[in-house]
There are 2 protein chains.
Amino acid sequence: MKTFEKIETAPLWNRVRGQIKDALLAGRFEPGQTLTLRSLAEMFGTSVTPVRDAINHLVAQGVLEAGPRNAAVVPDVASDLLKEIIFVRAELEGRAAREAATRKSPELIAALSAKLESMRSLIRQRQLDTYLDVHRDFHFTIYESAGIPLLYEMIENLWLRTGPILTYVIPDYVVSLRGSDHHQKIVAAIEAGDGPTAEAEIVSDIEEAANYLLSCADEYGRIRRGQKLAHHAG
Amino acid sequence: MKTFEKIETAPLWNRVRGQIKDALLAGRFEPGQTLTLRSLAEMFGTSVTPVRDAINHLVAQGVLEAGPRNAAVVPDVASDLLKEIIFVRAELEGRAAREAATRKSPELIAALSAKLESMRSLIRQRQLDTYLDVHRDFHFTIYESAGIPLLYEMIENLWLRTGPILTYVIPDYVVSLRGSDHHQKIVAAIEAGDGPTAEAEIVSDIEEAANYLLSCADEYGRIRRGQKLAHHAG
DNA sequence: ACATCATGCTTGTTATAACAAACAACAAAG
DNA sequence: CTTTGTTGTTTGTTATAACAAGCATGATGT
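Each chain has its residues counted from 1, following the order in which its sequence is written. To label them, take the chains in the order written and letter them from A, then take the ligands in the order written and number them from 1. Note on the predicted model: pLDDT of at least 70 is required for a residue's local features to be given, and 80 or more for side-chain atom pairs to be given and counted; whole-chain, interface and lining totals, by contrast, use all residues. Processing note: side-chain calculations cover all non-hydrogen atoms of the structure and skip hydrogens and water entirely.

## A word on the packing of aromatic side chains
All names here are of chain A.
Moving on, step 1. For Phe, Tyr and Trp, rings pair up if their centres lie within 6.5 Å, where Trp contributes its six-membered ring, and each pair is then called stacked (planes under 30 degrees apart), edge-to-face (over 60) or tilted (otherwise). A full pass over the atoms with the stated rule returns 6 aromatic pairs over all chains.
Moving on, step 2. Residues Phe-140 and Tyr-152 carry aromatic rings whose centres are separated by 5.4 Å and whose planes lie at 70° to one another, so their mutual orientation is edge-to-face. You can see Phe-140 sitting in helix α6 (residues 128-145) and its partner Tyr-152 sitting in helix α7 (residues 149-177), a full 12 residues away along the chain.
Moving on, step 3. An aromatic cluster of three or more residues is present, and its members are Phe-140, Tyr-143, Tyr-152 and Trp-159. The helix count covers DSSP runs of H or I at least four residues long, the strand count covers runs of E at least two residues long, and both are numbered beginning at the N terminus.

## Observations concerning the nonpolar core
Moving on, step 1. Grouping buried Ala, Val, Leu, Ile, Met, Phe, Trp, Tyr and Cys residues that are joined through side-chain atoms within 4.5 Å yields what is termed a nonpolar core. Summary of the burial criterion: residues with accessible area below 20% of their type's maximum are buried, those above 50% are exposed, and those between are partly exposed, where the area comes from a 1.4 Å probe applied to protein chains only. Counting 94 residues, the largest nonpolar core has Leu-92 of chain A together with Leu-92 of chain B as its most contacted members.
Moving on, step 2. The residues contacting Leu-92 of chain B, other than those within four sequence positions of it, are Val-88, Leu-92 and Met-154 of chain A together with Leu-151, Met-154, Ile-155 and Leu-158 of chain B. Pairs of residues are marked as contacts when any of their non-hydrogen atoms sit within 4.5 Å.

## Notes on the interface of chain A and chain B
Moving on, step 1. With 26 residues of chain A in contact, the opposing surface of chain B contributes 27 residues.
Moving on, step 2. When two components associate, each loses some accessible surface as probed by a 1.4 Å sphere; the sum of these losses over both components is called the buried area. Carbon and sulfur atoms make up 62% of the surface buried where chain A meets chain B, a total of about 2,600 Å² over both sides.
Moving on, step 3. In the sections that follow, a salt bridge refers to a side-chain nitrogen of Lys or Arg positioned within 4 Å of a carboxyl oxygen of Asp or Glu. Put simply, chain A and chain B have 6 salt bridges between them.
Moving on, step 4. One salt bridge connects Asp-53 of chain A with Arg-52 of chain B, and the closest N-O pair in it is separated by 2.6 Å.
Moving on, step 5. For the side of chain A that touches chain B, the elements supplying multiple residues, two or more each, are α3 (48-61), α4 (79-102) and α7 of chain A.
Moving on, step 6. Counting residues per element, the side of chain A that touches chain B draws most heavily on α4 of chain A, which supplies 8 residues.
Moving on, step 7. Each residue is assigned to one class: nonpolar for Ala, Val, Leu, Ile, Met, Phe, Trp, Tyr, Cys and Pro, charged for Asp, Glu, Lys and Arg, and polar for all the others, Gly among them. Residue composition of the side of chain A that touches chain B, by class: 14 nonpolar, 4 polar and 8 charged.

## Let's talk about the relation of the copies chain A and chain B
Moving on, step 1. A least-squares fit on C-alpha atoms brings the copies together, and the residues used are those whose pLDDT is at least 70 in both copies. Each copy superposes on the other: chain A lies on chain B with an RMSD of 2.6 Å after a rotation of 178° and an axial shift of 0.3 Å. Seen this way, the second copy is the image of the first under a two-fold rotation axis.
Moving on, step 2. Take the interface residues of chain A: 100% of them recur as interface residues in chain B, which is what a same-surface contact looks like.

Shown next as structure tokens:
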């Protein structure tokens, strides 16, 4: 079973890892769910070996947890851990935004402005799924422009840890904002080369969203898919 | 019927991972050396599968690097990556020190003072290897007292990445300080509850040591053993 | 002598089968 | 009804073989 696709030379287990990461960031896996090798292998159309490699990689990164029998389980992040993640995220992403403001370029401003407009349009059309994609792209475009790969890598790791629960309530949060979002101010601060303001706006953006998330926690500190959610069909 | 003979059956790949880590810490692998699956498999008396799993785990943690052909290579940290690590370390460890100052306790001050005195004594006696242990303990005592396990974990990972080359030249750096170290000021700032000063002192401590390390780099940006040592000629 | 290609070896990747431990369901014994 | 033992299934683990890409070596042609 060989394919003629000679374009994709990346190892199969690395592609599988990317697909699992996407599924996590998109919230397609339930928190607490145990991912079995054979089910994922059938899902991706491979054998268990690449899936095993991908899962090992993600567990080592802390993106997935090692449950009993060394089974990979989707982290069910509770309030305590969420507060810690937010703490470090505010520190690293704020620093990245500050660095991005000092390394600004016209191309960066143009790209961010385009994504900003796309986000506004998607909110108006209530296409929250694709909004989340663009929103994530918006943030990481800033972090990438900081020019520090290690910093980018660590921020991505933190997003992956909160990924499963982020998609639970963020759509409600986004439509409840009604325009008072920090994204516009972030772009303006970067364009003006004002690092401290960019950092402050990023931190406010993170912490306000986190407070909303924490307000959705149950008595056990677990964020559950919820009551405020007017779920979309798509 | 339960038998007592089932003491501990850790997975084979996990044991192999421990052996590789030991070999790394013992310096039995040269920086830049590529570790082949089959050679390690023969060395440990297993097949390639457990070795592959162990290496994948270590690469994901940043302990090993992924070279060409996805081969595992012992990290030869160059100046570029070192600068990035220092950048993030200053950010995270500075933040941890600031947090520690706000959560100070008499027990913490007493513990830090004791380690400080121990460090001074070890320097006078030129016992640099044990000094490095106490020094590391001193730092991580502060970071642990910040009360944020995730922050602690990420800082520890950054120390692991620079671990091998740190022991190359730090002893020379320590004896060259001749008393102008920041550790005393850090303890004083934490004791006074002065978070910003504690953060600034930690950052200065990190960056000054980093500058010394970077001054030891060769023309390729690699930190080499004995670059500033009078003993070894090469 | 130098460039080019063939050949064989090395190495990471993937699929597959066999295996042991854990788990669930159910029957039998108290 | 509860407990215990059995059986079948599921699941992660490990070994092995086949495979493709890279790399070194050396023969060949100009």
